[in-house]
Amino acid sequence: MQLRQNAGARPQITFTSDFHELVQGDLVPGPCLLRYDPLRLVSLGDAATEEHHIRAYVRFHPVGVEWQGLLELPAGLPLAELADVTGQGFMLTATFDIPEGCDALELWFSCTHDDGQTHWDSDLGKNHWLRFGLADLKLKTAKVKPAKKTEAQDTLAFEVSTKPKIESVEVRWHLTNSPKTPRIITPLVCTGDTPAGKTWTAPDGGIPVPKGAVVAFDIVYNVDSRPYTDDNQGRWHIAD
Amino acid sequence: MSTSFPFVYPDQFTPNNPGWSTVGNIASWSPDATGRRFTFTFGQNNAYSLYIEVLGATAYRLRFTPVPGATYTTETSTAVVDRDLGISGLNVTSSQPNAQTLQINTGAITIQVGLAPFYVQVYRNGQLIHQDAPGQGVLYIPGQQVIAIMKTAPSGASYYGLGEKAGQDLQKNQFTFTFFNFDNFTYNGPSEGQPGPLNPTEPLYCSIPVLVEYDPTPSGAFSGSAFATGLFLDNCGQTFANVSANDYSNMDGKYYLGGLYNELDTYFFAGSVVPDILRQYTTLTGRAPMPPRYAFGFHQGAYGYFDRYKLAAAANSYRAARIPCDGLHIDVDFQDNYRTFTHSEMKFPNTKELFDDLHLIGFKMSTNITPIITTNVLNQAGEKAPYVQGDALKAANALIYNTRYESGEDPNLYQGGVNYGVNYGNNPYPYPPLQPNNQGQTPLTAPGNYPDFGLTNVREVWGQQYQDLIQNVGLDMIWQDMTCPAIDANLPPSQQYFKTFPQDLMMAQEEVDPTTGKVVATNYLPNAQLHNSYVNNLLHATWDGINALAPQRRNFIIARGGYAGMQRYAGLWTGDSASSWDFLNINIPEVLNLGMSGVPISGCDIGGFAKGSGSVGGTSVIGGTVVGGITNYELFTRWMQLGSFLPWYRNHYDGYNKQFQEAFAYGEPVPTNCRTYVELRYTMMQIYYDAMFEWTQTGLPICRPLFLNEPQDQGVYGNSNYYLDSQFFVGGDFLVAPMLFQAVTASPPISPTRDLYLPAGSNWYAFQNNQAPLLGAVQGGTVISYYADLNLVPTYVRAGAILPFQHLEQWVGELPANPLTINCYPGPDRWTDGQAYQLYQDDGITQNAETKGEYRISRIYQQTLTNNGTTRQVRIARVTDNYTPPSPFNYIGILGSITSAYQVTRDGTTLPNVGDPDSLESSTVDAWYWNQSLNIVFVKIFDNRTDTLVSASY
C-alpha cells in the first residue's frame, strides 16, 4: 500500500461552502485547527451588508468535555470584504485542543444575524460527527491480484483492521482506467473479532474486476450507527 | 515545529523599539590587502565584526553577521552576481581626522565611519547624502538572528522601488512593508489593516528589498544638489522595510530595512539621479540578454483552455478578429493529470502538429510549469503509468525530505500539494482518482514532492526535464507558476504554512568561495531562512535548462514570483489580480516600482485573473459551459489600453469562473477599441525593443515614472502626486496618461475626463499616430483636462522626439521585412551623441546577437537649420554594424511639415518627389513626398549606407 496521507500530522478540520466536512491529519491530542467557510451560514448578499460572528461548538467523545469559541476574523474586517464564492474563498479559523482519550468529535455552529435571528449549521439538528480514519482503520491489504492465465478476471482483495467499536465497513470503489464504469459499494466481511480489534476482508476471497483494473476507493464505516468516511484525506486510496 | 518561525506582520518587527543593540564603540579596525575592505571589531571580547567594502566609486557593501566569530569567507546570495561596480582604477584612501572618525574616500564619495560609537555617513562633494539614524544605525539583538539598519530620511526625499508592492501610490513614503513570497490570491492576504490591492503592507509573490531614494531639493543637514541613493538588503528570509510609517512607533525622519534571520548584508549606492542607482543595482544583481522580440507582443492566457479545441478557437478568433497576438499561454490543463513537464494527448491530440499549425500563424506557445512533482501514481487514463520526469528527479535524489528543524533526519520526502480550484462541470476531462461530488463539482488538487533547488545538481536535473516540451512538443516559452512555492492552503498545518512550505522544513543552500566561484559547503537550513530564494533557484534551473535544450534561440520565462536578481532569468507578472478598478489603479505604480527594482519586464493579468467587483453577475455552468462572470466592458477596455503601454502585455483569466475575457468575444465597440491599442503596441514595437536594449546596458526601465525622465521638474509631484501615480513614459519621450476610473458605466455616469500634466522643460504634441496633422505644441508645465472616450488614451510626444514605428503585423515576424518609419517631431535639436535616439536591431529570435555579436546599433539625430529658410536634417549613423535587417529600406517621417519641402536631399543628392504614398512605396530608389493632409514629409531611403544625412528644405 502507498503511505497514507498525513499519518501522524497535526489534525485539521475543514467545513467547506459546499457542505463538505474534511478531516485531515491524524488523531493527535493537542491543537486542532478548525477552518470554516462563512458562506455556509451567511449568504454573499448578507455578507456584503452585515457583520457576523460565528460561534463554533465542539463536544469531545467519549470524554464528554466541550469547547466553544468565536471563529476569528482578521482584526477589524467585516466578513463582507473576505467572503468570496469564486476563487479560493476565505476560511474563518479557530484552534482547540483535542483531549486525551477522545476519538470522536461532535460539532455545530451558530451565527446571529443583524435581525436577531440565530442560524445554525448542525446537520439539521443532528450535529456533525467526525472521526479520524487514520486512528480507526489500518489498511492491511488493498490489492488487485492478477488473474491466472486461465481466469477471465483479476481479483480485488481487501483486508482492513479496525478498532473494536467499528460496526461495519464497506469500500466504495471505482475503476480509474474505466471511468464510465459506475462506482460499486462492497461491504466487507468481519473475519476476525478480538478485544484488540476487528479484521475485515472482501467477501468470497476477493472481488472480481476486469484484467488490468486500477482501483481507487474510499471506506465508509459505522460507529454507533453513524457513518464515517476515510477517503485518504481527500486523495482517495489506490489499490496496489 | 513551523511555529518556531512564524510569519511576522510588519508592525511586529520592531527595531525602532527599545531592546535592540547598536554596534557601539569600535575596538579595532583594519583594511584588508585590497585596501577596499575595512573590518571593524566590537562587542564583548571584540567577538563581533562587520565590514565595509568599497565596490565602486559610489557604492559600498556593509555586511554584519550577528554572531561572534563571523569569518565572512563565503557567499550564498542568489541575488548578487557582480560586486565589481567600478573597482578597476579606483583609488580608495582612508584617513583618521580624529580618534573617533575614519574617513574612506573613493574619489566620488566619502564614507565617514564613527568609531565611538559606530555610525556611517556618506558625503558627496562635501554634501551629506546618507546617514545612519543617530544612535541607531546597525541594530541587532545578541543571541538572536534579527537584524536591521536604521537610516535618516531627509525631509524632502521620496522613496521608490521595493519590488512588487500593492498600493496606488508610486512613492512609498509613510508605508511599511514585508517581503515574504506569498501566494496572495487577489491580494487579500495578511496585512496591517484592511487587505486588498490598495494595501502595500501585504507580502506578494515577489520580494525585492531594495529602496531607492531621491531628494530633488535637499534641505537641512542634507542641503545641496539633488541626489539619489539606493539601499539593498540581500536577505532571503522574511524581511521588512519601514519608510517613516508610525505604525508602532515614531518613525518620523527615519527608515529601515531589516530581517528576521541571516546576515545584515546591505549594499549602498549613490548618484545624482535615480538612473545612477539603477545602473549600479542592476550591475550588482545582473541584467539579462535581450529577450525574444515576441515577448513584447500581446499575449493571451487562460486557465480553461483545457483542450485543443478551446485553444484553437481562441487562436483562430484572434486572427479572424484581426487583433494582433503573439503568445498563447495554456495553464495546467495542458498536463497529463497534473504531472509537471507532461502534456496531454487526450486533451490536445497531436500536440506537436497543433503547435506546428499555431506556429505557422504566428503564435508562440507557453505552458505552466509549477515546481511540484506529483505523487499521484495515476495518469489521466487512470493507469498506473510511469512519470518519466518525476522518476528522473526521484532517481537523482532531487526532492526535499521531510526533515524539520532540530528534529533529526526524516527518511520520507516532504509531501505538499497544489490546489487548482474547482471544476464546476465545465471541464469534461478526467483527473483520476478525483471524482465529482454530489453537486457535480470536483476540487482539483494534486499531492506532490518538491525539488531542492538550492543544489546545483538538482537545478541541472530539473532543467533537463523540459526536454520533451521544448524539443519534441515545440513549446516556445515557460510560464513559471506557484513559485513561492504555493502549497494548497487546505493541507494540515504540518504540511503548509501561509500557503507555502512549513517554515521549519530543511532545505539546501550552497556556500561559494567568492574567489573561485566553487561550492565549498552545503548547508541545510529551515525554509524560514531561505524562503525567498527558492524562486530564484527555480528560475535559475529553468533558465539554464531551456537554454541548454534550445541553444540557438532566445528563450523566455514569465514568472509569478521572484527575489532580487530574478530579472536575469525571467519577466514577472504580478500574480492573481481580480477584475476591479482598484487593481487597474495599482497597475502603474506596481510596474514602475518593479522597474526601479531591477525588473524591466512586468505587467498585470489584463482584465483581472479572478472575478472581482468589476465582474458582471454571477457564474454558473450550464450545459458544461461557464456562463457569466464577465469583466465589465469599460474596465476591460481601459485595462487593455493601459496594458498596451506596459512591458508585459498579457490578458489572462480564470476560465473556470469567467465565461470569457478575450477582446474578440465582447460585442462592439470593445474589440475595436482594444484593437486600436494592440495595433499601436505592434507599430511601436521597436520603441519597446530599443528601451529594453537600453536596460541591458544601463538598467534604465522600459516604462519610467515622470520624475525619472524629468528629475528637475517639481510639477510632476503636483495634484498630490496624482500625475506621478497615473502617468508614465515609454522610453524617453512617449507620455501616457491612461484612464483609470469608471465613467460611462458608473452610476450615474460621469464624464471620462482626467487631468494630466505635461512636464516642464519641453513642449508636447498630442500623439496623432500619423493619422492627423500635429496640433500646436503645448508648453511643458501645463495641466490639461483631457476628455477621453473609450476609444482614446491620452498620449503625448515630446517636441524633438525621434520615434521609430513600423508597419502593423498580426504577430512579430509576420512580415518578412518590416521597414521602419522614423518619426521626427519638430522641436529642439538632437544633434549630439547623447541626444540622439539609439536604435537597436537584431533578428529578434536567435542567440546570434548575444553569441556572435550580430546586431546593429544606430544613432538617429535631427536638427533644424534656419539659414536661408528652414532645413530639417536627419542623420542615421551606424555605431555597431554586424547585422542587416531584412527590410532593404526605411522611411523617415518629418512631422510638422506644414508646407511641402522644396527639396529633399540625401548626402547631397537631390531625391525625387514622387508625389503620393503609393508611388513612394513602390519606388525602387530613394524618394520622398509630402502628405499635405498630415503635414508630414515622408522620405524613403534604402538601407545602404553606414552614415547618411537626409535634409528637407522648406
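Quick caveat: nothing in here was measured; it's all calculated off a predicted structure.

Undergrad: Please explain the overall build of chain B as it appears in this structure.
TA: Along chain B, the regular secondary structure elements total 16 helices and 56 strands. Relative to a compact globule of 954 residues, whose C-alpha radius of gyration would be 30 Å, chain B shows 28 Å and is just as compact. Along the longest, intermediate and shortest principal axes, the C-alpha atoms of chain B span 85 × 80 × 60 Å. Across the 954 residues that make up chain B, the buried fraction comes to 58%. In chain B, 70% of the contacts between residues at least 6 apart in sequence involve partners at least 24 apart.

Undergrad: Would you mind going over the domain arrangement of chain A with me for this structure?
TA: The figure often quoted for interface size is the accessible area lost as the parts come together. Residue and element names in this part refer to chain A. In terms of domain boundaries, chain A breaks down into domain 1 (12–131) and domain 2 (134–238). Taking only C-alpha atoms into account, the centre of domain 1 sits 31 Å from that of domain 2. Facing 7 residues of domain 1, the contacting portion of domain 2 comprises 8 residues. Secondary structure elements with two or more residues in the side of domain 1 that touches domain 2: strand E2 (21–24) and strand E9 (128–131). Tallied by class, residues from the side of domain 1 that touches domain 2 come to 3 nonpolar, 1 polar and 3 charged.

Undergrad: I'm lost on the packing of helix H5 (residues 456–464) of chain B against helix H8 (residues 533–549) of chain B in this one. Help?
TA: Relative orientation and spacing of two packed helices are given, respectively, by the angle between their axes and the distance between those axes. All names here are of chain B. Two numbers describe how H5 lies on H8: the axes approach to 7 Å, and their chain directions differ by 50 degrees. One way to sum up the angle between H5 and H8 is to call them oblique. Of the two elements, H5 crosses H8, and the hand of that crossing is right-handed. Contacts between H5 and H8 involve Arg-459, Trp-462, Gly-463 and Gln-464 on the former and, on the latter, Asn-537, His-540, Ala-541, Thr-542, Asp-544, Gly-545 and Ala-548.

Undergrad: Whenever I open this one, the environment of Pro436(B) confuses me. Can you help?
TA: Residue and element names in this part refer to chain B. Its place among the elements puts Pro-436 in the loop between strand E25 (416–423) and strand E26 (442–449). Residue Pro-436 is classed as exposed on the basis of its C-beta count, with 12 C-beta atoms lying within 10 Å. Sequence separation between Pro-436 and Tyr-424 is 12 residues; the distance between their C-alpha atoms is 8.7 Å.

Undergrad: Just to check I follow, could you spell out the domain arrangement of chain B for this structure?
TA: All names here are of chain B. For chain B, the assigned domains read domain 1 (22–285), domain 2 (293–573), domain 3 (687–796) and domain 4 (816–953). Computed over C-alpha atoms only, the centres of domain 1 and domain 2 are separated by 35 Å. In this complex, domain 1 contributes 27 residues to the contact, which on the side of domain 2 involves 30 residues. Of the residues contributing to the side of domain 1 that touches domain 2, the split by class is 14 nonpolar, 9 polar and 4 charged.

Undergrad: Before we go on, may I ask you to explain the UniProt feature "domain: Glycoside hydrolase family 31 TIM barrel" (unreviewed entry) in chain B in this structure?
TA: According to UniProt, the "domain: Glycoside hydrolase family 31 TIM barrel" (unreviewed entry) feature falls on residues 289–690 of chain B. Helix makes up 29% of residues 289–690 of chain B and strand 21%, and the two end C-alpha atoms of the span are 13 Å apart.

Undergrad: Honestly, the pairing of strand E1 (residues 12–15) of chain A in this entry has me stumped. Any pointers?
TA: Within a regular strand, side chains alternate between the sheet's two faces. Residue and element names in this part refer to chain A. Alternating positions in E1 separate into two faces, Gln-12 and Thr-14 on one and Ile-13 and Phe-15 on the other, with burial throughout. Here E1 pairs with strand E3 (residues 30–36) via 4 bridges, running parallel. Bridging from a neighbouring strand, Phe-15 pairs with Tyr-36 of E3. Alignment of E1 against E2, held across 4 bridges, turns out to be antiparallel. Of the residues in E2, the one forming a bridge with Ile-13 is Val-23. Connecting E1 to the next strand, E2, in antiparallel fashion are 5 residues, including Phe-19 with a positive phi near 60 degrees.

Undergrad: I tried to follow the UniProt feature "domain: Glycosyl hydrolase family 31 C-terminal" (unreviewed entry) in chain B on my own but got confused; where do I start?
TA: Residues given the UniProt feature "domain: Glycosyl hydrolase family 31 C-terminal" (unreviewed entry) here are residues 699–803 of chain B. The distance from the first to the last C-alpha atom of residues 699–803 of chain B is 21 Å, and the span holds 12% helix and 30% strand.

Undergrad: What should I look at first to understand the sheet that holds strand E47 (residues 820–824) of chain B in this one?
TA: Strand pairing in a sheet relies on backbone hydrogen bonds, with the paired strands running either antiparallel or parallel. Residue and element names in this part refer to chain B. Strands sit in the order E46-E47-E51-E55-E54 across an open sheet of 5 strands; the sheet is mixed. Taken across any chain shown, the strands that pair with only one partner, and hence form the sheet edges, are strand E46 (802–806) and strand E54 (927–931). Strand-to-strand twist of the sheet, defined as the mean angle between neighbouring strand axes without regard to direction, takes the value 20 degrees. By the bridge criterion, 7 bridges tie strand E51 (residues 889–895) to strand E55 (residues 936–942) in an arrangement that is antiparallel. Its bridge partner being in E55, Phe-889 is matched across the sheet by Phe-942. Strands E46 and E47 of the sheet are contacted by helix H12 (residues 685–698), whose axis makes an angle of about 125 degrees with E46.

Undergrad: I keep staring at the sheet that holds strand E6 (residues 93–98) of chain B and nothing clicks. Help me out?
TA: Residues and elements named next belong to chain B. Across the sheet, 5 strands lie side by side as E6-E7-E8-E9-E10; this open sheet has antiparallel pairing. In the strand order of this sheet, the two ends are held by E6 and strand E10 (127–131), each with one partner. Recorded for the sheet is a direction-independent mean angle of 25 degrees between the axes of neighbouring strands. Bridge analysis of E6 against strand E7 (residues 101–105) gives 4 bridges, and the strand direction is antiparallel. Bridge pairing links Ser-95 to Gln-103 in E7.

Undergrad: I would appreciate a short explanation of the pairing of strand E48 (residues 837–841) of chain B in the present structure.
TA: Residues and elements named next belong to chain B. Counting buried residues along E48, 4 of its 5 residues qualify, which places the element largely inside the surrounding structure. As judged from the 5 bridges shared by E48 and strand E49 (residues 856–865), these two strands associate in the antiparallel manner. Across the sheet, residue Gln-838 finds its bridge partner in E49, namely Arg-859.

Parameters and conventions
Residues numbered from 1 in each chain as written. Chains lettered and ligands numbered in written order. Predicted model: local features only at pLDDT ≥ 70, side-chain atom pairs only at ≥ 80, totals over all residues. Helix = DSSP H or I, 4+ residues; strand = E, 2+ residues; numbered from the N terminus. Rg over C-alpha atoms; globule rule 2.2 N^0.38 Å. Buried ≥ 20, exposed ≤ 12 C-beta atoms within 10 Å, placed from the backbone. Contact = placed C-beta atoms within 7 Å. Domains from an automatic or database assignment. Nonpolar A, V, L, I, M, F, W, Y, C, P; charged D, E, K, R; others polar. Axes fitted to C-alpha atoms, helices over the stretch in contact; angles between N-to-C directions. Parallel < 35°, antiparallel > 145°, perpendicular 65-115°, else oblique. Left-handed = near helix turned anticlockwise from the far one by under 90°. UniProt positions renumbered as here; feature names shortened; annotations may be inferred. Pairing = 2+ DSSP bridges.

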